[in-house]
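# Structural features, examined
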Amino acid sequence: GNSVTQMEGPVTLSEEAFLTINCTYTATGYPSLFWYVQYPGEGLQLLLKATKADDKGSNKGFEATYRKETTSFHLEKGSVQVSDSAVYFCALTVPGQNFVFGPGTRLSVLP
Amino acid sequence: NAGVTQTPKFQVLKTGQSMTLQCAQDMNHEYMSWYRQDPGMGLRLIHYSVGAGITDQGEVPNGYNVSRSTTEDFPLRLLSAAPSQTSVYFCASSYSRGGSGNTIYFGEGSWLTVV
């Protein structure tokens, strides 16, 4: 079946540090890949997505590249801020099947 | 621009009581779903629907009931609440079940405590 694996965390960084959250996937067919973010007390919001190999999704300084050869979609940001503290979920979808989410990675950014 | 709206935001129930979590979307999405989120467990799919009149079970359906009489609404019913159902519940919708680039949109969550 389809699955998503991501680093569990928590990840604690200082402000302006470089962020990487690893995500790998297993899927039948050709998935679309997503990163969602959940701020405290809120629902999940789409952060970025990519629909085919070598696509790069980007938003709010975050980036992730769809790597078919390594079945990965790692999230990166060059300089994190305190306001980036949240839980980040990697996810995939395949036509005709339910969305699949990773377990989430909690990020804490210290001033 | 409401998106996915859930009510109530917070609820405390006694064991054995029943209640309904309401969910409505205004994006004309065919696919709607309910998840529960528990510490260390991530998101788990309870029930989903691919259109009005069609529902199906997800990963953890026991103790919950759903119906889909309209495209817009997808209520989740707790039949006889148990402490194990204490959780945060999210309703979500998307254009279809899966699909290239198909984004899923979440409500703000309903915090349920069963005592």
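Once a new chain begins, its residue numbering starts again from 1 and follows that chain's sequence as written. By the order in which they are written, chains take letters starting at A while ligands take numbers starting at 1. Totals for whole chains, interfaces and linings use all residues, but because this is a predicted model, local features are given only for residues with pLDDT of at least 70 and pairs of side-chain atoms are given and counted only at 80 or more. Derived side-chain values reflect all non-hydrogen atoms in the structure, with water molecules and hydrogen atoms excluded from consideration.

## Quick notes on the overall build of chain B
Starting at the N terminus, helices and strands are each numbered in turn, a helix being any DSSP run of H or I of at least four residues and a strand any DSSP run of E of at least two. When you go through chain B residue by residue, the secondary structure sums to 0 helices and 11 strands. Within these notes, the globule rule equals 2.2 Å times the number of residues to the 0.38 power, and the radius of gyration is based on C-alpha atoms. On C-alpha atoms alone, chain B measures out to a radius of gyration of 13 Å, which is about the 13 Å that the 2.2 N^0.38 rule sets for 115 residues. For chain B, the proportion of contacts with a sequence separation of at least 24, taken over those separated by at least 6, is 54%. Residues are treated as being in contact if the distance between any of their heavy atoms lies within 4.5 Å.

## Quick word on the interface of chain B and chain A
Facing the 23 residues of chain B at the interface are 21 residues of chain A. Of the roughly 1,600 Å² buried at the junction of chain B and chain A (both faces included), carbon and sulfur atoms supply 55%. Should a side-chain nitrogen of Lys or Arg be within 4 Å of a carboxyl oxygen of Asp or Glu, the pair is scored as a salt bridge. Taken together, the connections running from chain B to chain A amount to 0 salt bridges. Of all elements in the fold, only β4 (31-38), β5 (42-51), β9 (87-94) and β10 (104-106) of chain B reach the threshold of two or more residues within the side of chain B that touches chain A. The term buried area denotes the loss of accessible surface (1.4 Å probe radius) that occurs when two parts are joined, taken as the sum for both partners.

## Let's talk about unusual backbone geometry
Cis geometry marks the peptide bond from G9(A) to P10(A), where omega comes out at 0 degrees. With respect to the helices and strands, P10(A) occurs in the loop between β1 (3-6) and β2 (11-14). A cis amide bond links T7(B) with the next residue in sequence, P8(B), at an omega value of -5 degrees. Positive phi is not limited to glycine here, since E16(A) has a value of about 80 degrees. As for its position among the elements, E16(A) is in the loop between β2 and β3 (19-21). Phi at N28(B) is positive, roughly 60 degrees, even though this residue is not glycine. Along the chain, N28(B) falls in the loop between β3 (19-25) and β4.

## Some thoughts on the nonpolar core
Soluble globular proteins tend to pack their nonpolar side chains together in the buried interior. The criterion is simple. A nonpolar core is a set of buried Ala, Val, Leu, Ile, Met, Phe, Trp, Tyr and Cys residues joined through side-chain atoms within 4.5 Å. Accessible area is worked out with a 1.4 Å probe on protein chains only. A residue is then buried under 20% of its type maximum, exposed over 50%, and partly exposed in between. L19(A), W35(A), L47(A), L48(A), F73(A), L75(A) and Y88(A) are the most contacted members of the largest nonpolar core, which has 28 residues in total. Residue contributions to this core peak at 4 residues, all from strand β10 (residues 86-93) of chain A. Ranked by size, the runner-up nonpolar core spans 19 residues in total, among them C23(B), Y64(B), L76(B) and Y89(B).

## Quick look at the sheet that holds strand β7 (residues 56-59) of chain A
To summarise the sheet geometry, strands pair through backbone hydrogen bonds and adopt either a parallel or an antiparallel arrangement. All names here are of chain A. Reading across the sheet, the 4 strands line up as β3-β9-β8-β7 and stay open at both edges, with antiparallel pairing between neighbours. Each edge of the open sheet is held by one strand with a lone partner, namely β3 and β7. Here the strands of the sheet are splayed against their neighbours by 15 degrees on average, with no regard to which way each runs. Pairing between two strands requires that DSSP report at least two bridges joining them. Relative to strand β9 (residues 75-77), β3 is paired through 3 bridges, and the arrangement is antiparallel. The partner of T20 across the bridge, within β9, is E76. The axes used here are C-alpha line fits, helices contributing only the stretch in contact, and every angle between their N-to-C directions lies in the interval 0 to 180 degrees.

## A closer look at the pairing of strand β1 (residues 4-7) of chain B
All names here are of chain B. Burial along β1 is one-sided: the face carrying V4 and Q6 is buried and the face carrying T5 and T7 is not. Note: β1 against β3, 4 bridges, orientation antiparallel. By the bridge assignment for β3, Q6 is matched with C23.

## Digging into the pairing of β3(B)
All names here are of chain B. Burial of β3 is one-sided: the residues M19, L21, C23 and Q25 facing one way are buried, the residues T20, Q22 and A24 facing the other way are not. Where β3 meets strand β8 (residues 76-78), 3 bridges bridge the pair, whose relative direction is antiparallel. Bridge pairing in β8 links M19 to L78.

## Side note on the environment of V4(B)
Residue and element names in this part refer to chain B. You can see V4 is positioned in strand β1. Of the residues examined, V4 reaches a relative accessible area of 9% and is grouped as buried. Taking the C-alpha atoms as reference points, V4 and Y95, separated by 91 residues in sequence, lie 13 Å from one another. Each residue touching V4, except ones within four places of it in the same chain, is listed here: C23, A24, Q25, M27, C91, S93, Y105, F106 and G107.

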